[in-house]
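Survey of secondary and tertiary structure
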Amino acid sequence: MENVIELHHVNKTFKGFQIKDLSISVKKGFVTGFIGGNGVGKSTTIKMILNLLQPDSGSVSVFGLDYKKNEKEIKQRIGFVFDQNIFYEDLTLTEMKRLIKPAYKNWDDSLFHHYAEKFDLPLKKKMKTFSKGMLMKASLTFALSHHAELIIMDEPTSGLDPIFRRELLEILHDLMQDSSRTIFFSTHITTDLDRIADYITFIHNGEHVFTKEQNRIEEEYAIVKGETNLLDSDTEQEFISVRKSNHGFEALTINKQHTKKIFGDTVILEKPTLEDIMLYTKKGM
Amino acid sequence: MQIIISNHSKEPIYEQIYVQIKKHILTNEIQAGQALPSMRQLAKDLNISIITTKRAYEELEKNGFIFSIVGKGSFVSEQNNEMIRERKMQAIEEQLTAVIQNSKEIGIKLPELKELLTMLYKEDT
C-alpha cells in the first residue's frame, strides 16, 4: 500500500523536549489516529508534516514529495484543521474566504457553500461571535473546500460536545467514501477513534511506540487480571507494566496468545481500550 | 441486508460481519452475482473503520463466498460444493429438528426413531 506521509529518522530538539528518531508512515485511503499523552510531541510532529517546523535531522515527505522542492504543490493538496482559532476574529466567514481562496488552485466555491450550509454557519457574522464548535466547523469548511487529498487535524474533537463529535465522525466517514483520500488526526479522546480509525500511531516521549491496524491491537494486546500470588520476577516479564493492589493485579500484555499459554485459566483476559494501552505503556517506560 | 454489530461482544467486529454476511449468503437472502455494498459504504453505514469491513470481505473472499472485481466491487460467488454442502447441512438440521419435534409430540422414543431412519435410509438405496 502506498504511503502518503513518511517520516524517516526525524529528530527535533527543543528546550526540555525532544523528538527522537521518529519514523512513521501514513497509508493512503485510510484514517490514521495519532495518539499519545499531552506534550509527547504530537503537535510538533504535525507541524513538521505541514512544514511549519523543520526537523534537525531526518526527512519528511508528503505524497512522495520533498518540501524543499515541492512545497507549493504539497500544500495545495493538504487540508488542515487546528484546534486553536486561526481566524481574524473581526472578519466574517465570507471575508475570510476571500483571503484564503486565492491560495488554492482547486478552490471550489460551491463546495465551500455546501459545507457552510451543511454546518449551519452564518456567512455574514463576525467570527468572534462563533462558538468553539462553530470555529471548528469553519476550520473544517476551509480545509474541505479545495478538494484536499490529505486531511490533517490536530485535536479536532477537543472541547467539543459528544453530539458534535459524532457529527464530525459522520463527516469523516463521508469523506472516506473516496478511496484516494487520507485522514491523519491527533486526539486524546481515544473513544472517537474506535469508530473511524483504521490505523493507530502511538507516540510517547517523542518516540514512536507503534503503528498498527486497529483490529490487530485487540488481537495482540490484552488486559490481564489475576491474583497477586501468580506474579514473580519471571511471570512479570510477560507484561508491559503491572498494577498491584491488595486485591489482585492488573497488567497489560503485548502477546495475548503467549500470556494465555502461561497463565491458562488462572487469569482473566480482557480487550484493552486505547486508553489502557497508553496508560500502561507510560508506566512501563 | 441486515447486519447488527455489538460493540461489547467478545467476537471481533470483522468476525460478526463475516458470520452475518455468510449466513445471508447461505440462506439465499443474497444471491449469487448480487453485489455487496462497497467496503467504504458499509463502514460508514455501520459506523466502523474501513479496515474492519475490508478484513471481513477478505475472509469472505478467502472462503469462497464472495469475489471482487477491482473498480467494480464485491459480489456473491456462484455456489461452490462446500457452500452447497453447508447449506444442505443446515437444511438437514432444520428438517431433523422438525422430525424430532413431531416424534416427541406422539411419544416416539429415540431408538424407535433411529430404527425408522435406518430403515428408510437403506430402502432408498
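Conventions and cut-offs
- Residues numbered from 1 in each chain as written.
- Chains lettered and ligands numbered in written order.
- Predicted model: local features only at pLDDT ≥ 70, side-chain atom pairs only at ≥ 80, totals over all residues.
- Heavy atoms only, no water.
- Helix = DSSP H or I, 4+ residues; strand = E, 2+ residues; numbered from the N terminus.
- Buried < 20%, exposed > 50% of the residue type's maximum accessible area, 1.4 Å probe, protein only.
- Contact = heavy atoms within 4.5 Å.
- Areas by Shrake-Rupley, 256 points an atom, 1.4 Å probe, with all protein chains shown as cover.
- Pairing = 2+ DSSP bridges.
- Axes fitted to C-alpha atoms, helices over the stretch in contact; angles between N-to-C directions.
- Domains from an automatic or database assignment.
- Buried area = accessible area lost by both parts, 1.4 Å probe.
- Salt bridge = Lys/Arg side-chain N within 4 Å of Asp/Glu carboxyl O.
- Expected span 1.5 Å × (residues − 1).
- Polar contact = N/O pair within 3.5 Å; in protein donor to acceptor, adjacent residues only side chain to side chain.
- Nonpolar A, V, L, I, M, F, W, Y, C, P; charged D, E, K, R; others polar.

**Regarding the overall build of chain A**
- Counting secondary structure elements, chain A contains 10 helices and 14 strands.
- Projecting the C-alpha coordinates of chain A onto the three principal axes gives extents of approximately 70 × 40 × 35 Å.
- Buried positions account for 49% of the 285 residues belonging to chain A.
- Looking at chain A alone, contacts between residues at least 24 apart form 68% of all its contacts between residues at least 6 apart.
- Of the accessible surface of chain A, which amounts to about 13900 Å², a share of 48% is contributed by carbon and sulfur atoms.

**Some thoughts on the sheet that holds strand 8 (residues 182-186) of chain A**
Residues and elements named next belong to chain A.
- Taking strand neighbours across the sheet as the criterion, the six strands line up as 6-7-8-3-9-10 in an open arrangement whose pairing is mixed. The two strands at the open ends of the sheet, each matched to only one other strand, are strand 6 (78-81) and strand 10 (207-213). Across the sheet, the mean angle separating the axes of adjacent strands is 15° when strand polarity is ignored.
- Pairing between strand 7 (residues 150-154) and strand 8: five bridges, direction parallel. Paired with Met153 across the strands is Phe185, a residue of strand 8.

**Side note on the sheet that holds strand 4 (residues 57-62) of chain A**
Residues and elements named next belong to chain A.
- With antiparallel pairing, the four strands of this open sheet are ordered in space as 2-1-4-5. What marks the edges here is a single partner per strand, and that holds for strand 2 (17-27) and strand 5 (65-66).
- Here strand 4 pairs with strand 5 via two bridges, running antiparallel. Bridge assignment links Ser61 to a residue of strand 5, and that residue is Asp66.
- Packed on one face of the sheet, helix 1 (residues 42-49) meets strand 1 (3-14), strand 2 and strand 4 and runs near 120° to strand 1.

**Focus on the domain arrangement of chain A**
Residues and elements named next belong to chain A.
- For chain A, the assigned domains read domain 1 (3-216) and domain 2 (221-284).
- At the interface, 13 residues of domain 1 touch seven residues of domain 2.
- On the domain 1 side of the interface with domain 2, the three residues burying the most area are Thr190, Phe202 and His204, jointly 46% of the side's total.
- Linking domain 1 to domain 2 there are zero salt bridges.

**Observations regarding helix 5 (residues 132-144) of chain A**
All names here are of chain A.
- The end-to-end C-alpha separation of helix 5 is 18 Å, in line with the 18 Å expected for 13 residues at 1.5 Å each.
- Of all the 13 residues making up helix 5, 11 are buried; the element is thus mostly covered by neighbouring parts of the structure.
- Residues of helix 5 that are buried: Gly133, Leu135, Met136, Lys137, Ala138, Ser139, Leu140, Thr141, Phe142, Ala143 and Leu144.
- Residues of helix 5 that are buried sit in contact with strand 6, helix 3 (93-100), helix 4 (109-118), strand 7 and helix 6 (162-175).

**A few points about the pattern of salt bridges**
- Applying the stated criterion to the full structure yields 24 salt bridges over all chains.
- Put simply, A:Lys137 and A:Glu167 hold a salt bridge, and the shortest N to O gap is 3.6 Å. A residue pair is termed long-range when its members are at least 10 positions apart, and A:Lys137 in helix 5 and A:Glu167 in helix 6 qualify at 30 residues.
- Residue classification places A:Glu167 among the partly exposed positions, given a relative accessible area of 35%.
- The closest approach of N and O atoms between A:Glu213 and A:Arg216, which form a salt bridge, is 3.6 Å.
- A single network of salt bridges, built from pairs that share partners, joins A:Glu213, A:Arg216, A:Glu219 and B:Arg55.

**Describing the domain arrangement of chain B**
All names here are of chain B.
- Entries for chain B in the domain assignment read domain 1 (13-76) and domain 2 (81-124).
- Placing the centre of domain 1 and that of domain 2 at their C-alpha centroids yields a distance of 33 Å.
- Between domain 1 and domain 2, the buried area comes to about 530 Å², and carbon and sulfur atoms account for 53% of it.
- Of all residues in domain 1, Leu26, Asn28 and Phe65 bury the most surface against domain 2, accounting for 67% of the area lost on that side.
- Put simply, domain 1 and domain 2 have zero residue pairs in polar contact (both at pLDDT 80 or more) between them.
- Grouping the constituent residues of the side of domain 1 that touches domain 2 by class yields three nonpolar, three polar and one charged.

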